[in-house]
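# Summary of structural features
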Amino acid sequence: MSKQIPVVEGLFAETAAGPRLVGSKCSGCGTPYFPRSPVCHNPDCRDQRVEDATFGPRGTLWSFTIQHYAPPPPVKYDQPFQPYALGLVDLQEGLRILGRISTDNLETLKVGTPVELVVEKLCTAADGNDVTSWKFKLV
Ligand SMILES: [Zn+2]
């Protein structure tokens, strides 16, 4: 059986409540960051305390595009290339996140559709293991 290898370590995690994005949040003003930020970038905030935080799973599709052509490296995909949707999702925590949309029917996507964070296979690695990433599925 193949292993599940995250496309990048530390960006997402499986929790008891399901998959979550791993970022940070300012302890002073509450501004969320993904990926993690060591400092708060809010110009009105002077707090230096930033703590780890998790985000998701619920969001709304803000915009999307269909990738019809094979993108250049370092984008990963299996051969032969299959078109996929890339979406911008507004999470309930106030973040707008880029991610692939997990759907078999690209023609039915609509802005404003509720989506949910999932961790799914992105492609097969050279060693046969599954490379995984976060995606958003329609709910
Ligand atoms: Zn702050």
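Everything below is about the structure shown above.
Cut-off values and rules
Residues numbered from 1 in each chain as written. Predicted model: local features only at pLDDT ≥ 70, side-chain atom pairs only at ≥ 80, totals over all residues. Heavy atoms only, no water. Donors = N, O, S within 2.8 Å, 3.2 Å for Na, K, Ca; no water. Tetrahedral: all angles 85-135°; square planar, octahedral: opposite > 155°, others 65-115°. Helix = DSSP H or I, 4+ residues; strand = E, 2+ residues; numbered from the N terminus. Buried < 20%, exposed > 50% of the residue type's maximum accessible area, 1.4 Å probe, protein only. Contact = heavy atoms within 4.5 Å. Phe/Tyr/Trp six-rings, centres within 6.5 Å; stacked < 30°, edge-to-face > 60°. Lys NZ or Arg CZ within 6 Å of the ring centre and 35° of its normal.

Those donors, Cys26 (SG), Cys29 (SG), Cys40 (SG) and Cys45 (SG), are the protein atoms that reach the zinc ion, and they lie 2.3 Å from it. Considering all 4 donor atoms around the zinc ion, the spread of angles at the metal, 104 to 119 degrees, places the coordination shape in the tetrahedral class. The sequence pattern describing where the donors of the zinc ion fall on their chain is C-x2-C-x10-C-x4-C. Of this pair, Cys26 sits in strand 3 (residues 18-26) while Cys40 sits in the loop between strand 4 (32-33) and strand 5 (50-55), and the two are 14 residues apart along the sequence. By relative accessible area, which is 3% here, Cys26 ends up buried. Since its relative accessible area comes to 13%, Cys40 is described here as buried.

What follows covers the side chain of Ser133. Along the polypeptide, Ser133 turns up in strand 10 (residues 130-138). What makes Ser133 buried here is its relative accessible area of 9%. What Ser133 contacts, discounting residues up to four positions off in sequence, is Val7, Phe12, Val118, Val119, Glu120 and Leu122.

Moving on: the packing of aromatic side chains. Under the counting rule described, the total for this entry stands at 4 aromatic pairs. With 6.2 Å between their ring centres and 65 degrees between their planes, Phe12 and Trp134 make a pair best called edge-to-face. On the criterion of sequence distance, the pair formed by Phe12 in strand 2 (residues 12-15) and Trp134 in strand 10 is long-range, its members being 122 residues apart. Each member of the pair Phe12 and Trp134 is classed as buried. Consider the rings of Phe81 and Tyr84, whose centres lie 5.9 Å apart with planes at 65 degrees: the pair is edge-to-face. For the pair Phe81 and Tyr84, a shared accessibility class is recorded, and that class is buried. Connected via pairs of aromatic rings, a cluster forms that spans Phe12, Phe34 and Trp134. If you follow Arg96 out to its NZ or CZ, it ends over the ring of Trp62, 3.6 Å from the centre.

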